[in-house]
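Residue-level structural notes
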Amino acid sequence: MTTALYLEDLSPGQRFASASLELDADAIREFAARFDPQPFHLDDEAARSTLFGGLAASGWHTASLTMRRLATGSAPRSRCSRSLRRAPSPTAAWSGS
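Residues take numbers from 1 onward in each chain, read along the sequence in its written order. In view of the model being predicted, local features appear only for residues whose pLDDT reaches at least 70, and side-chain atom pairs are presented and counted only at 80 or more, with totals across whole chains, interfaces and linings using the full set of residues. The side-chain quantities take in all heavy atoms of the structure and omit both hydrogens and water.

**Here's the deal with the confidence of the model for the protein**
Averaged over every residue, the pLDDT of the protein is 80; residues scoring 70 or more account for 73%. Every residue is assigned a pLDDT by the predictor, reflecting its confidence on a scale from 0 to 100. Starting at the N terminus, helices and strands are each numbered in turn, a helix being any DSSP run of H or I of at least four residues and a strand any DSSP run of E of at least two. Mean pLDDT in the protein bottoms out at helix α4 (residues 59-72), which sits at 87, and peaks at helix α1 (residues 25-35), which reaches 97.

Here you go:
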């Protein structure tokens, strides 16, 4: 059994290891087409003339992969106070207030 690792347990410059993850161009384009349809996420040619110099994964894509690691326990978590855990207006999968 491993001890939980929290962000507060880390020091600047310290590193932790997690499982590797690889994104290919098709995965980048698929996510972008659904959630962040900007040319530098979708089109190799258009992406070459941007500051990225080529196809780049969406920040939302990389954030969602990071969240997956947090949710499955493969990345350090952060402790938060009980008051911060309550969402005053959560996003729900239904309409209405």
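**Remarks on the packing of α1 against α4**
When two helices pack together, you describe them by how their axes are tilted relative to each other and by the distance separating the axes. Between the N-to-C directions of two axes lies an angle of 0 to 180 degrees, each axis being a line fitted to C-alpha atoms and, for a helix, fitted only over the stretch in contact. Interhelical geometry of α1 versus α4 gives an angle of 105° and a closest axis separation of 9 Å. Comparing the axis directions of α1 and α4 gives the class roughly perpendicular. Facing Ala27, Ile28 and Phe31 of α1, the residues of α4 in contact are Trp60, His61 and Ser64. Classification used: nonpolar for Ala, Val, Leu, Ile, Met, Phe, Trp, Tyr, Cys and Pro, charged for Asp, Glu, Lys and Arg, polar for all others including Gly. Among the residues forming the contact of α1 with α4, the class breakdown is four nonpolar, two polar and no charged. When an angle is under 35 degrees it counts as roughly parallel; over 145 it counts as roughly antiparallel; between 65 and 115 it counts as roughly perpendicular; any other value is oblique. In this analysis, two residues are considered to be in contact whenever any of their non-hydrogen atoms come within 4.5 Å of each other.

**Some details on the side chain of Asp36**
Of note, Asp36 is situated in the loop between α1 and α2 (39-42). When accessible area is computed with a 1.4 Å probe and restricted to protein chains, residues below 20% of their type maximum are described as buried, those above 50% as exposed, and intermediate ones as partly exposed. Charge convention: Lys and Arg are scored as positive, Asp and Glu as negative, and His as well as the terminal groups of each chain are ignored. By convention in these notes, a salt bridge is any Lys or Arg side-chain nitrogen within 4 Å of a carboxyl oxygen on Asp or Glu. In this structure, Asp36 is buried with no salt-bridge partner, the nearest side chain bearing the opposite charge being Arg34 at 13 Å. Throughout this description, a polar contact denotes any pair of N or O atoms lying within 3.5 Å of each other; where both atoms belong to protein, one of them has to be capable of donating a hydrogen while the other can accept it, and for residues adjacent in sequence the pair is counted only when both atoms sit in side chains. In this structure the side chain of Asp36 is engaged in a polar contact, spanning 2.7 Å, whose partner is the side chain of Gln38.

**Concerning the packing of aromatic side chains**
Stacked, tilted and edge-to-face are the three classes assigned to paired rings of Phe, Tyr and Trp, where Trp is represented by its six-membered ring and a pair needs centres within 6.5 Å; plane angles under 30 degrees give stacked, over 60 edge-to-face, the rest tilted. Enumeration over the complete set of coordinates arrives at two aromatic pairs. For the ring pair Phe31 and Phe35, a centre distance of 4.9 Å and an interplane angle of 45° mean the geometry is tilted. Residue Phe31 and its partner Phe35 are both found in helix α1; the two are separated by four residues, about one turn of the helix. Residue Phe31 is classed as buried on the basis of its relative accessible area of 16%. Residues Phe40 and Phe52 carry aromatic rings whose centres are separated by 5.2 Å and whose planes lie at 45° to one another, so their mutual orientation is tilted. Of this pair, Phe40 sits in helix α2 while Phe52 sits in the loop between α3 (44-48) and α4, and the two are 12 residues apart along the sequence.

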